[in-house]
Amino acid sequence: MNKTTKASTKEKDSVLYQTSGQIAIITMNRPRYHNAQNGHMTYQLDAAFKRSADDDAIKVIILKGAGKHFSAGHDIGTPDRDINDSQERKTLWYDHANKSGGEFLYVREAEAYLGMCRRWRDLPKPTIAMVHGACIAGGLMLAWICDLIIAANDAFFSDPVVRMGIPGVEYFAHPFELPPRIAKEFLFTGERMNAERAYQLGMVNRVFTRDNLNAETLKLANKIAEMPRLGLALTKQAINNVEDLQGKRSGMEAAYAWHHFAHSHNELESGNKLGGETIKSMAQKNKEEA
Ligand code: ZN
(Lines give C-alpha, C1' and ligand atoms only; values in the text may rest on other atoms or scores of the structure.)
Protein backbone atom coordinates (compact mmCIF):
# COMPACT_ATOMS: atom_id res chain seq x y z
CA MET A 1 0.00 0.00 0.00
CA ASN A 2 1.21 3.49 -0.80
CA LYS A 3 0.82 4.75 2.71
CA THR A 4 3.24 2.17 4.14
CA THR A 5 5.87 3.12 1.61
CA LYS A 6 5.31 6.77 2.32
CA ALA A 7 5.52 6.34 6.07
CA SER A 8 8.54 4.08 5.74
CA THR A 9 10.41 6.52 3.57
CA LYS A 10 9.55 9.52 5.66
CA GLU A 11 10.01 7.88 9.00
CA LYS A 12 12.55 5.13 8.57
CA ASP A 13 14.08 6.15 11.87
CA SER A 14 10.96 6.27 14.01
CA VAL A 15 12.91 4.10 16.47
CA LEU A 16 16.63 4.48 17.23
CA TYR A 17 18.86 1.73 18.55
CA GLN A 18 22.07 2.40 20.44
CA THR A 19 24.20 0.45 22.85
CA SER A 20 26.28 1.48 25.83
CA GLY A 21 28.35 -1.48 27.00
CA GLN A 22 25.87 -4.18 28.02
CA ILE A 23 22.88 -1.84 27.75
CA ALA A 24 20.65 -1.40 24.68
CA ILE A 25 18.94 1.97 24.46
CA ILE A 26 15.80 2.00 22.32
CA THR A 27 14.45 5.45 21.55
CA MET A 28 11.01 6.21 20.14
CA ASN A 29 11.78 8.90 17.63
CA ARG A 30 8.73 10.79 16.44
CA PRO A 31 9.32 13.84 18.63
CA ARG A 32 7.27 16.05 16.34
CA TYR A 33 4.22 13.97 17.28
CA HIS A 34 5.32 13.36 20.86
CA ASN A 35 6.22 9.81 19.81
CA ALA A 36 2.65 8.85 18.93
CA GLN A 37 2.80 5.15 18.12
CA ASN A 38 1.80 4.28 14.55
CA GLY A 39 2.09 0.85 12.96
CA HIS A 40 5.46 1.63 11.51
CA MET A 41 6.88 2.53 14.91
CA THR A 42 5.32 -0.59 16.42
CA TYR A 43 7.22 -2.88 14.07
CA GLN A 44 10.42 -0.88 14.41
CA LEU A 45 10.09 -1.22 18.18
CA ASP A 46 9.58 -4.94 17.77
CA ALA A 47 12.69 -5.21 15.61
CA ALA A 48 14.69 -3.29 18.22
CA PHE A 49 13.48 -5.50 21.07
CA LYS A 50 14.26 -8.59 19.01
CA ARG A 51 17.73 -7.30 18.23
CA SER A 52 18.45 -6.66 21.90
CA ALA A 53 17.14 -10.11 22.84
CA ASP A 54 19.31 -11.79 20.20
CA ASP A 55 22.51 -9.96 21.11
CA ASP A 56 24.40 -11.91 23.81
CA ALA A 57 26.37 -8.79 24.67
CA ILE A 58 23.18 -7.03 25.80
CA LYS A 59 21.96 -7.67 29.34
CA VAL A 60 19.47 -4.84 29.98
CA ILE A 61 17.25 -2.72 27.73
CA ILE A 62 16.19 0.89 28.25
CA LEU A 63 13.15 2.27 26.41
CA LYS A 64 12.86 6.04 26.14
CA GLY A 65 11.29 8.78 24.04
CA ALA A 66 13.00 11.52 22.01
CA GLY A 67 11.97 15.13 22.46
CA LYS A 68 9.74 16.63 25.13
CA HIS A 69 7.75 13.53 26.05
CA PHE A 70 7.96 9.78 26.48
CA SER A 71 4.77 9.04 24.52
CA ALA A 72 1.48 10.73 23.74
CA GLY A 73 -0.08 7.32 23.06
CA HIS A 74 -1.40 5.59 19.98
CA ASP A 75 -1.37 7.57 16.78
CA ILE A 76 -4.98 8.67 16.25
CA GLY A 77 -4.38 11.30 13.63
CA THR A 78 -0.87 12.32 12.52
CA PRO A 79 -0.17 12.50 8.76
CA ASP A 80 1.62 9.15 9.01
CA ARG A 81 -1.07 7.32 10.87
CA ASP A 82 -1.16 3.96 9.11
CA ILE A 83 -4.14 2.14 10.56
CA ASN A 84 -5.18 0.79 7.14
CA ASP A 85 -1.80 -0.61 6.27
CA SER A 86 -0.75 -4.20 6.59
CA GLN A 87 2.58 -4.59 8.29
CA GLU A 88 4.68 -7.65 8.84
CA ARG A 89 2.58 -9.28 11.53
CA LYS A 90 4.19 -10.99 14.53
CA THR A 91 1.23 -12.87 15.98
CA LEU A 92 -0.74 -15.40 13.95
CA TRP A 93 -3.70 -13.06 13.65
CA TYR A 94 -4.74 -12.68 10.02
CA ASP A 95 -4.62 -9.40 8.15
CA HIS A 96 -7.05 -6.74 9.42
CA ALA A 97 -6.72 -4.30 6.54
CA ASN A 98 -9.32 -5.84 4.22
CA LYS A 99 -11.86 -6.56 6.97
CA SER A 100 -14.90 -4.52 7.94
CA GLY A 101 -17.15 -3.90 10.92
CA GLY A 102 -15.85 -4.73 14.36
CA GLU A 103 -13.47 -7.29 12.88
CA PHE A 104 -11.16 -4.62 11.43
CA LEU A 105 -10.19 -3.02 14.72
CA TYR A 106 -10.49 -6.14 16.89
CA VAL A 107 -7.97 -7.99 14.73
CA ARG A 108 -5.69 -4.99 14.28
CA GLU A 109 -5.49 -4.25 18.01
CA ALA A 110 -5.16 -7.93 18.93
CA GLU A 111 -1.98 -7.92 16.87
CA ALA A 112 -0.60 -4.40 17.15
CA TYR A 113 -1.50 -3.52 20.73
CA LEU A 114 -2.40 -6.44 22.97
CA GLY A 115 -0.32 -9.03 21.09
CA MET A 116 2.78 -6.90 20.72
CA CYS A 117 2.65 -5.65 24.30
CA ARG A 118 2.47 -9.18 25.65
CA ARG A 119 5.34 -10.21 23.39
CA TRP A 120 7.51 -7.34 24.62
CA ARG A 121 6.53 -7.85 28.26
CA ASP A 122 7.88 -11.40 28.04
CA LEU A 123 11.24 -10.45 26.48
CA PRO A 124 13.62 -12.52 28.62
CA LYS A 125 15.93 -9.67 29.61
CA PRO A 126 15.24 -6.85 32.07
CA THR A 127 13.65 -3.79 30.48
CA ILE A 128 13.51 -0.30 31.96
CA ALA A 129 11.13 2.44 30.80
CA MET A 130 12.79 5.82 31.24
CA VAL A 131 9.86 8.20 31.30
CA HIS A 132 9.93 11.97 31.03
CA GLY A 133 7.11 14.38 30.21
CA ALA A 134 3.83 12.86 29.03
CA CYS A 135 3.04 9.17 29.24
CA ILE A 136 -0.54 9.07 28.06
CA ALA A 137 -2.93 6.22 27.18
CA GLY A 138 -1.06 3.97 24.70
CA GLY A 139 2.14 5.43 26.18
CA LEU A 140 1.25 3.76 29.46
CA MET A 141 1.25 0.41 27.70
CA LEU A 142 4.84 0.95 26.59
CA ALA A 143 5.95 1.89 30.09
CA TRP A 144 3.95 -0.91 31.71
CA ILE A 145 5.41 -3.68 29.56
CA CYS A 146 8.82 -2.79 31.00
CA ASP A 147 10.03 -4.42 34.22
CA LEU A 148 11.04 -1.17 35.88
CA ILE A 149 9.87 2.39 35.37
CA ILE A 150 12.28 5.21 36.14
CA ALA A 151 10.70 8.65 35.87
CA ALA A 152 11.86 12.23 35.66
CA ASN A 153 10.21 14.49 38.20
CA ASP A 154 8.36 16.18 35.32
CA ALA A 155 6.76 12.91 34.14
CA PHE A 156 3.01 12.44 34.29
CA PHE A 157 0.73 9.53 33.51
CA SER A 158 -2.89 9.45 32.37
CA ASP A 159 -5.43 7.30 30.59
CA PRO A 160 -8.19 9.61 29.36
CA VAL A 161 -9.75 7.17 26.89
CA VAL A 162 -12.85 6.72 29.07
CA ARG A 163 -13.82 10.05 27.48
CA MET A 164 -14.23 8.03 24.28
CA GLY A 165 -16.56 5.70 26.16
CA ILE A 166 -13.83 3.06 26.21
CA PRO A 167 -12.78 1.34 29.45
CA GLY A 168 -9.05 2.08 29.33
CA VAL A 169 -6.30 1.14 26.89
CA GLU A 170 -6.02 -2.30 25.31
CA TYR A 171 -3.23 -3.62 27.55
CA PHE A 172 -5.43 -3.46 30.65
CA ALA A 173 -2.82 -3.56 33.40
CA HIS A 174 -4.36 -0.70 35.38
CA PRO A 175 -5.47 -2.76 38.42
CA PHE A 176 -2.03 -4.39 38.54
CA GLU A 177 -0.08 -1.19 38.19
CA LEU A 178 -2.23 0.65 40.72
CA PRO A 179 -4.40 -0.38 43.67
CA PRO A 180 -7.89 -1.08 42.22
CA ARG A 181 -9.56 1.93 43.86
CA ILE A 182 -6.83 4.24 42.58
CA ALA A 183 -7.07 2.62 39.14
CA LYS A 184 -10.78 3.49 39.10
CA GLU A 185 -10.06 7.10 40.06
CA PHE A 186 -7.31 7.25 37.42
CA LEU A 187 -9.75 6.04 34.73
CA PHE A 188 -12.94 7.76 35.95
CA THR A 189 -11.27 11.19 35.98
CA GLY A 190 -8.64 10.81 33.25
CA GLU A 191 -6.53 13.11 35.44
CA ARG A 192 -2.79 13.26 35.29
CA MET A 193 -0.83 11.40 37.94
CA ASN A 194 2.53 12.96 38.60
CA ALA A 195 5.76 11.02 39.05
CA GLU A 196 5.83 11.49 42.79
CA ARG A 197 2.38 9.97 43.32
CA ALA A 198 3.13 7.17 40.86
CA TYR A 199 6.24 6.47 42.92
CA GLN A 200 4.29 6.46 46.20
CA LEU A 201 1.83 3.98 44.71
CA GLY A 202 4.56 1.66 43.46
CA MET A 203 3.95 2.17 39.74
CA VAL A 204 7.31 3.90 39.39
CA ASN A 205 10.54 2.55 40.89
CA ARG A 206 12.59 5.72 41.19
CA VAL A 207 12.25 9.42 40.41
CA PHE A 208 15.12 11.68 39.39
CA THR A 209 15.44 15.23 38.16
CA ARG A 210 15.29 15.54 34.41
CA ASP A 211 18.99 16.41 34.33
CA ASN A 212 19.98 13.26 36.18
CA LEU A 213 17.49 10.88 34.55
CA ASN A 214 19.78 9.52 31.83
CA ALA A 215 22.82 9.00 34.01
CA GLU A 216 20.90 7.47 36.92
CA THR A 217 18.93 5.10 34.68
CA LEU A 218 22.10 3.96 32.98
CA LYS A 219 23.75 3.46 36.38
CA LEU A 220 20.87 1.27 37.52
CA ALA A 221 20.88 -0.67 34.24
CA ASN A 222 24.61 -1.33 34.61
CA LYS A 223 24.12 -2.53 38.16
CA ILE A 224 21.45 -5.00 37.01
CA ALA A 225 23.74 -6.07 34.16
CA GLU A 226 26.23 -7.42 36.74
CA MET A 227 23.77 -10.25 37.49
CA PRO A 228 23.96 -13.44 35.43
CA ARG A 229 21.81 -13.46 32.30
CA LEU A 230 19.89 -16.63 33.10
CA GLY A 231 19.27 -15.55 36.69
CA LEU A 232 17.71 -12.35 35.42
CA ALA A 233 15.61 -14.15 32.80
CA LEU A 234 14.31 -16.72 35.28
CA THR A 235 13.54 -14.07 37.90
CA LYS A 236 11.59 -12.09 35.35
CA GLN A 237 9.65 -15.17 34.28
CA ALA A 238 8.92 -16.12 37.87
CA ILE A 239 7.39 -12.74 38.68
CA ASN A 240 5.52 -12.40 35.39
CA ASN A 241 4.13 -15.87 35.97
CA VAL A 242 2.85 -14.91 39.42
CA GLU A 243 1.14 -11.86 37.94
CA ASP A 244 -0.56 -14.11 35.41
CA LEU A 245 -1.59 -16.54 38.15
CA GLN A 246 -3.09 -13.53 39.94
CA GLY A 247 -5.23 -12.95 36.86
CA LYS A 248 -3.34 -10.36 34.86
CA ARG A 249 -3.60 -12.21 31.56
CA SER A 250 -7.19 -13.41 31.93
CA GLY A 251 -8.27 -10.02 33.28
CA MET A 252 -6.83 -8.43 30.16
CA GLU A 253 -8.74 -10.85 27.94
CA ALA A 254 -12.06 -9.78 29.45
CA ALA A 255 -11.13 -6.09 29.36
CA TYR A 256 -10.11 -6.45 25.71
CA ALA A 257 -13.56 -7.79 24.85
CA TRP A 258 -15.26 -4.89 26.69
CA HIS A 259 -12.86 -2.48 25.02
CA HIS A 260 -14.05 -3.73 21.63
CA PHE A 261 -17.69 -3.76 22.61
CA ALA A 262 -17.13 -0.03 23.30
CA HIS A 263 -15.42 0.57 19.94
CA SER A 264 -18.33 -1.19 18.20
CA HIS A 265 -20.94 0.67 20.26
CA ASN A 266 -19.30 3.95 19.27
CA GLU A 267 -19.36 2.92 15.64
CA LEU A 268 -23.06 2.03 15.83
CA GLU A 269 -23.98 5.22 17.65
CA SER A 270 -21.85 7.79 15.87
CA GLY A 271 -20.07 6.05 13.00
CA ASN A 272 -16.80 6.68 14.80
CA LYS A 273 -14.93 4.05 16.79
CA LEU A 274 -13.37 6.68 19.05
CA GLY A 275 -16.74 8.22 19.96
CA GLY A 276 -16.06 11.28 17.81
CA GLU A 277 -12.91 12.23 19.69
CA THR A 278 -9.90 13.29 17.62
CA ILE A 279 -6.24 13.98 18.27
CA LYS A 280 -7.19 17.67 18.61
CA SER A 281 -10.18 17.28 20.91
CA MET A 282 -8.29 14.92 23.20
CA ALA A 283 -5.23 17.18 23.34
CA GLN A 284 -7.45 20.17 24.10
CA LYS A 285 -9.30 18.44 26.94
CA ASN A 286 -6.07 17.00 28.33
CA LYS A 287 -4.63 20.50 28.41
CA GLU A 288 -7.69 21.97 30.12
CA GLU A 289 -7.45 19.36 32.85
CA ALA A 290 -3.73 19.74 33.40
ZN1 ZN B 1 -8.74 0.24 20.92
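Each chain carries its own residue numbering, running from 1 in the direction its sequence is written. Selection of residues for local features in this predicted model requires a pLDDT of at least 70, selection of side-chain atom pairs for listing and counting requires 80 or more, and totals for whole chains, interfaces and linings are taken over all residues. Each side-chain value is derived from all of the structure's non-hydrogen atoms; neither hydrogens nor water enter the calculation.

Asks: I keep staring at the packing of aromatic side chains and nothing clicks. Help me out?
Replies: For any pair of aromatic rings, the description consists of the separation of the ring centres together with the inter-plane angle of the planes. Stacked, tilted and edge-to-face pairs are distinguished by plane angle, under 30 degrees for stacked and over 60 for edge-to-face with tilted covering the rest, among Phe, Tyr and Trp rings (Trp via its six-membered ring) whose centres lie within 6.5 Å. Under the defined criterion, the tally for this structure stands at four aromatic pairs. Considering the side-chain rings of tryptophan 93 and tyrosine 94, the 5.5 Å spacing of their centres and the 70° angle between planes classify their relative orientation as edge-to-face. Partly exposed describes any residue whose relative accessible area lies between the buried limit of under 20% and the exposed limit of over 50%, with all areas from a 1.4 Å probe on protein chains only and scaled to the type maximum. What makes tyrosine 94 partly exposed here is its relative accessible area of 38%. Here the aromatic residues Trp93, Tyr94, Tyr106 and Tyr256 are joined through ring pairs into a cluster of three or more.

Asks: Is there a simple way to think about unusual backbone geometry in this case?
Replies: Leaving glycine out, the prevailing phi sign among residues is negative, and the prevailing peptide bond configuration is trans. In this structure, histidine 34 takes a positive phi of about 50° despite not being glycine. Since its relative accessible area comes to 32%, histidine 34 is described here as partly exposed. At asparagine 35, a position not held by glycine, the phi torsion is positive, near 60°. Strands here mean DSSP runs of E at least two residues long; helices mean DSSP runs of H or I at least four residues long; both are numbered from the N terminus. Structurally, the position occupied by asparagine 35 is in the loop between β2 (23-28) and α2 (39-54).

Asks: Quick question: what am I supposed to make of the coordination of the zinc ion here?
Replies: For Na, K and Ca the donor cut-off is 3.2 Å, and for all other metals it is 2.8 Å, counting N, O and S atoms only; because water is absent from this set, sites may look incomplete. Distances from the zinc ion to its protein donors, Glu109 (OE), Glu109 (OE), Glu170 (OE), His259 (NE2) and His263 (NE2), fall within 2.1 to 2.4 Å. Sequence spacing among the residues donating to the zinc ion works out to E-x60-E-x88-H-x3-H. Placement of glutamate 109 in helix α3 (residues 101-121) and of histidine 259 in helix α10 (residues 248-270) is noted, with a sequence separation of 150 residues between them. Taken as a pair, glutamate 109 and histidine 259 share a single burial class, namely buried.

Asks: Honestly, the pairing of β2 in this entry has me stumped. Any pointers?
Replies: Within a regular strand, side chains alternate between the sheet's two faces. Counting buried residues in β2 gives six out of six residues, a clear majority hidden from the surface. Neither face of β2 is left uncovered, since the one carrying Ile23, Ile25 and Thr27 and the one carrying Ala24, Ile26 and Met28 both have all their residues buried. By this definition, two strands are paired if DSSP reports at least two bridges between them. One ladder, built from six bridges, connects strand β1 (residues 15-20) with β2; its direction is antiparallel. Among the inter-strand pairings, tyrosine 17 is bridged to a residue of β2, identified as isoleucine 26.

Asks: Before we go on, may I ask you to explain the environment of lysine 125 in this structure?
Replies: Among the structural elements, lysine 125 can be located in the loop between α3 and β4 (127-131). Sequence separation of lysine 125 and alanine 262 is 137 residues, and the distance between their C-alpha atoms is 35 Å. A contact between two residues is defined here by any heavy atoms of the two lying within 4.5 Å. What lysine 125 contacts, discounting residues up to four positions off in sequence, is Ser52, Ala53, Asp55, Asp56, Ile58, Lys59, Ile61, Asp147 and Lys236.

Asks: Would you take a moment to explain the nonpolar core for this structure?
Replies: Among the nonpolar cores identified, the biggest contains 63 residues, and Leu45 and Phe157 are the most heavily contacted of them. If you tally residues by element for this core, the top one is α3, at seven residues. Excluding its chain neighbours within four sequence positions, the residues that come into contact with leucine 45 are Val15, Ile26, Met28, Leu63, Trp120 and Leu142. Note on terminology: a nonpolar core comprises buried Ala, Val, Leu, Ile, Met, Phe, Trp, Tyr and Cys residues joined through side-chain atoms within 4.5 Å. Judged by nonpolar contacts, the second largest core, of 15 residues, contains Ile23, Ala152, Phe208 and Leu220.

Asks: Looking at this structure, how should I read empty space enclosed by the protein?
Replies: A probe matching the size of a water molecule, rolled over the atoms, marks out where space remains unfilled. We place a 1 Å grid over just the protein atoms. Points where a 1.4 Å probe fits but has no way out form a cavity, open points with protein on both sides within 12 Å along at least 5 of 7 lines form a pocket, and any residue with an atom within 4 Å of a point lines it. Grid points are joined across faces, edges and corners, and a volume is the space filled by probe spheres set on the points. By the definition in use, this model includes three cavities of 30 Å³ or more. Here the largest cavity defines a volume of roughly 110 Å³. Taken together, Gly39, Tyr43, Asp82, Asp85, Ser86, Gln87, Arg89, His96, Val107, Arg108, Glu111 and Ala112 form the lining of the largest cavity. Elements that contribute at least two residues to the lining of the largest cavity include exactly α2 and α3.

Asks: For this particular structure, what's the right way to read the sheet that holds β4?
Replies: Backbone-to-backbone hydrogen bonds pair the strands of a sheet. The strands run either parallel or antiparallel. With mixed pairing, six strands are arranged side by side in an open sheet as β1-β2-β3-β4-β6-β9. Looking along the sheet, the strands with just one partner apiece sit at the ends: β1 and β9 (206-208). Along the sheet, successive strands turn relative to each other by an average axial angle of 20°, direction set aside. Of the strands in this sheet, β1, β2, β3 (60-65), β4, β6 (148-152) and β9 are in contact with helix α8 (residues 210-224), which crosses β6 at around 160°. Axis lines are fitted to C-alpha atoms, over the contacting stretch for helices. Their N-to-C directions set the angle, which ranges from 0 to 180 degrees.

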